[in-house]
Amino acid sequence: MLYGALEAGGTKMICAVGNENGRILDQSVISTSTPDETMPAIIEYFKARLDPSLPDDEKIQALGIACFGPVDVRKDSKTYGNILNTPKIAWRNFPMLKTLKDALGDIPVGFDTDVNGSLLGEATWGAAKGLSDAVYITIGTGIGMGAISAGHPVHGMLHPEAGHLIMSRVPGDDYKGHCPSHGACFEGMASGPAIEDRWGKPAKELADKPEVWELEAKYIAQALTDILLTLSPQKIILGGGVMEQSQLFSLVRKYVLEYVNDYIDTKQLRNINNFISPAALNGNQGIMGALKLAATA
Ligand code: ADP
Ligand code: ZN
């Protein structure tokens, strides 16, 4: 069976068609500008896969949307499927789900955050396959976390926003923090733009500066420790541009163990290389997660 999948990001929109096995059969990338410019191109892509003249087995049967946030994921809400107070002004309060439903007619549509989508992809076909409780954290322009608990994406009053956990300052670090709302939160201290602001160069150009990654790892490990103590995941997957610095993984693991300080003893913490790991789907976790959202819808 064919499904449509949309990974809606702040810089690009990935539209794809795939099947129930997570195989992507076609893909198109549209850069994100304003809804007026971007949405017609997305609609055109999926409409072509719903053309009544197509045989049924060439038509998409449902659509999955994994969307940048914050978004309203509460199904009983009047604004379900809307993008909320994003810093991308043109998209603030934009009814993403409704716009696509209105344009595409009567097909089931699944909707979740981009990070829950990535985690769903990893939990179905990747690094968290078979696990009931896991988290996915992206460390890039922003920091976001998706979580599944007892097999279900965590929503609740909104959805997790663990990118804004308040950090304890590492002794000797006086950087004010980059988050307009909190200053020194996780995103404010450890996102790509925070690294650039703190050290005066893009993160990528700091690869040979061990002090950058020591400090970065301490903030990531602080957040991961709070998250693992709170949600008790069986696995923590780290993705996003900043984690391209693969030396971060061993540093983060070391500091997580240091901060947990033997307070808990689990097989996961004893096997920390597996517990804290990169995504396994090579950058396709988001779009494959959207495919899974479609299949579930
Ligand atoms: P986004 O978060 O916008 O979806 P990314 O996950 O690619 O996109 O994150 C972009 C951020 O990651 C930028 O701030 C950039 O500085 C940082 N980044 C990208 N590539 C690298 C790299 N190789 N090493 C360190 N930081 C990187
Ligand atoms: Zn913040």
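Remember, predicted model here, so these are calculated numbers, not experimental data.

A.B. asks: Run through the pattern of salt bridges, naming residues and quoting values.
C.D. replies: If you walk through the whole model with that rule in mind, you get seven salt bridges. In this structure, Lys59 and Asp56 form a salt bridge, with 3.4 Å as the shortest nitrogen-oxygen distance. For Lys59, a relative accessible area of 17% gives the class buried. With a relative accessible area of 57%, Asp56 lands in the exposed category.

A.B. asks: Can you tell me about the packing of helix H6 (residues 210–231) against helix H7 (residues 247–260), naming the residues and giving the values?
C.D. replies: For the pair H6 and H7, interaxial distance at closest approach is 8 Å and the crossing angle is 50 degrees. One element, H6, and the other, H7, form an angle in the oblique class. For the element pair H6 and H7, the recorded crossing hand is right-handed. Contacts between H6 and H7 involve Trp213, Glu214, Glu216, Ala217, Lys218, Ile220, Ala221, Gln222, Leu224, Thr225 and Leu228 on the former and, on the latter, Gln247, Leu248, Leu251, Val252, Lys254, Tyr255, Val256, Tyr259 and Val260. A breakdown of the residues in the contact of H6 with H7 according to their chemical character gives 13 nonpolar, three polar and four charged.

A.B. asks: Tell me about the sheet that holds strand S7 (residues 143–149), and please be specific about residues and values.
C.D. replies: Taken in spatial order, the five strands make up an open sheet running S8-S7-S6-S9-S10, and their pairing is mixed. The sheet is open, and its two borders are formed by strand S8 (152–153) and strand S10 (276–278), each paired with just one other strand. Bridge analysis of S7 against S8 gives two bridges, and the strand direction is antiparallel. Of the residues in S8, the one forming a bridge with Ser149 is His152. Along the sheet, helix H3 (residues 114–125) contacts strand S6 (134–139), S7, S8 and strand S9 (235–239); its crossing angle with S7, the most-contacted strand, is approximately 50 degrees.

A.B. asks: Explain the sheet that holds strand S4 (residues 60–67) to me, and be specific about the residues and the numbers.
C.D. replies: The five strands are arranged S3-S2-S1-S4-S5 in an open sheet whose pairing can be described as mixed. Each end of this open sheet is capped by a strand with a single partner; those strands are strand S3 (24–31) and strand S5 (109–113). Between one strand axis and the next, the sheet turns through 15 degrees on average, direction left out of account. The pairing of S4 with S5 spans five bridges and is parallel. Note that in S5 the partner of Ile65 across the bridge is Phe111. Against the sheet, helix H1 (residues 35–48) contacts strand S1 (2–8), strand S2 (12–19), S3 and S4, and its axis sits at roughly 10 degrees relative to S2.

The rules we used
Residues numbered from 1 in each chain as written. Chains lettered and ligands numbered in written order. Predicted model: local features only at pLDDT ≥ 70, side-chain atom pairs only at ≥ 80, totals over all residues. Heavy atoms only, no water. Salt bridge = Lys/Arg side-chain N within 4 Å of Asp/Glu carboxyl O. Buried < 20%, exposed > 50% of the residue type's maximum accessible area, 1.4 Å probe, protein only. Axes fitted to C-alpha atoms, helices over the stretch in contact; angles between N-to-C directions. Helix = DSSP H or I, 4+ residues; strand = E, 2+ residues; numbered from the N terminus. Parallel < 35°, antiparallel > 145°, perpendicular 65-115°, else oblique. Left-handed = near helix turned anticlockwise from the far one by under 90°. Contact = heavy atoms within 4.5 Å. Nonpolar A, V, L, I, M, F, W, Y, C, P; charged D, E, K, R; others polar. Pairing = 2+ DSSP bridges.

Taken by themselves, the reported measurements are silent on function.
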